[in-house]
Amino acid sequence: MIGYRNIIFFIWVVFCCSSCEDAKEFTWKEGDILFQDGDCGNFCEAIRKVTQGYQGRDFSHNGLLIKDENEWKVLEAVGRGVVLTPLDEFLNRHLDSIGNPKVMVGRLNAQYQQLIPKAIRMGKGHLGKPYDHYFDFENDAFYCSELIYFAFKEANEGSDLFLPKPMTYKDPDTGELFGIWDQYFKELGVEVPEGKPGLNPGGMSLEPVLQMFEIK
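Residues numbered from 1 in each chain as written. Predicted model: local features only at pLDDT ≥ 70, side-chain atom pairs only at ≥ 80, totals over all residues. Heavy atoms only, no water.

Caption draft 1: Expanded view of the packing of aromatic side chains. A full pass over the atoms with the stated rule returns 18 aromatic pairs. Ring centres of Phe135 and Trp181 lie 5.6 Å apart, and the angle between their planes is 85°; on these two criteria the pair is classed as edge-to-face. Residue Phe135 is located in the loop between helix 4 (116-124) and helix 5 (144-155), and its partner Trp181 is located in helix 6 (residues 179-188); the two are separated by 46 residues in the primary sequence. For the pair shown, Phe135 and Trp181 are each scored as buried. A centroid spacing of 5.1 Å and a plane angle of 10° characterise the contact between Phe137 and Tyr149, whose relative ring orientation is stacked. With Phe137 in the loop between helix 4 and helix 5 and Tyr149 in helix 5, this pair connects stretches of sequence that are twelve residues apart. For the residue pair Phe137 and Tyr149, the accessibility class agrees, reading buried in each case. A connected cluster of aromatic rings, assembled from ring pairs, spans Phe43, Phe135, Tyr143, Tyr169, Trp181, Tyr184 and Phe185. Sitting above the plane of the Trp72 ring, Lys67 keeps its charged end 4.6 Å from the centroid. (Phe/Tyr/Trp six-rings, centres within 6.5 Å; stacked < 30°, edge-to-face > 60°. Helix = DSSP H or I, 4+ residues; strand = E, 2+ residues; numbered from the N terminus. Buried < 20%, exposed > 50% of the residue type's maximum accessible area, 1.4 Å probe, protein only. Lys NZ or Arg CZ within 6 Å of the ring centre and 35° of its normal.)

This is how it looks when you write it as structure tokens:
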């Protein structure tokens, strides 16, 4: 009988713990990096094709979560430049078939959390700067992953926290430039920066300094 009671007690504990775990809701934290699966047509398709993200997910955009005037906002680089976007607006920008935000969250591992306050200050210092249409680390403009990269590099005393990799604008199936990128850079009047260092959201989501979470 004692053994039977122990078994019943064990099952009850497991059930309760499982129920408590399921009941937990995701809690936002400053410095979270929001990875978004957006819809920007052929550009997004090209980005997805060259780099799959965490667990094979598709990410085409990311931003940094901050608390601004007691409200959650996302520091991001978009077409109009570096801006602060209300969190709800960011989350509702792209929804799946059942109305859930197409977003995952990357949170820095504990040993890097101390970098977040300075990274936020550095990132906010770039508010109003233009979008980096050239994907060039050397100018004073930013695309989404570049903004986050430099914010944390500056916070980390000039050392990379996220590691840039040679960027490619070629279709891995053919080895040829994606037509959309060929046309894009021709219109800008510059050469395609093939092989130049950079980061994209999918690649950043695989960085070992992050833990990835679903929003529940």
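Resuming the write-up.
Caption draft 2: Structural detail: the packing of helix 4 against helix 5. Packing of helix 4 against helix 5 leaves a shortest axis separation of 8 Å and a crossing angle of 125°. The orientation of helix 4 with respect to helix 5, classified from their angle, is oblique. Relative to helix 5, helix 4 is oriented so that their crossing is right-handed. Contacts between helix 4 and helix 5 involve Ile116, Lys118, Ala119, Met122 and Gly123 from the first element and Leu147, Ala151, Phe152, Glu154 and Ala155 from the second. Class assignment for the residues of the contact of helix 4 with helix 5 results in seven nonpolar, one polar and two charged. (Axes fitted to C-alpha atoms, helices over the stretch in contact; angles between N-to-C directions. Parallel < 35°, antiparallel > 145°, perpendicular 65-115°, else oblique. Left-handed = near helix turned anticlockwise from the far one by under 90°. Contact = heavy atoms within 4.5 Å. Nonpolar A, V, L, I, M, F, W, Y, C, P; charged D, E, K, R; others polar.)

Caption draft 3: The arrangement of the pattern of salt bridges in detail. Counted by the stated rule, this structure contains 13 salt bridges. Linking Lys49 and Asp171 is a salt bridge whose minimum nitrogen-to-oxygen distance equals 3.2 Å. Within this pair, whereas Lys49 is found in helix 2 (residues 42-50), its partner Asp171 is found in the loop between strand 6 (165-166) and helix 6, the two being separated by 122 residues in sequence. For Lys49, a relative accessible area of 37% translates into the label partly exposed. Here Asp173 makes a salt bridge to Lys49, at a shortest N to O gap of 2.8 Å. Placement of Asp173 in the loop between strand 6 and helix 6 and of Lys49 in helix 2 is noted, with a sequence separation of 124 residues between them. (Salt bridge = Lys/Arg side-chain N within 4 Å of Asp/Glu carboxyl O.)

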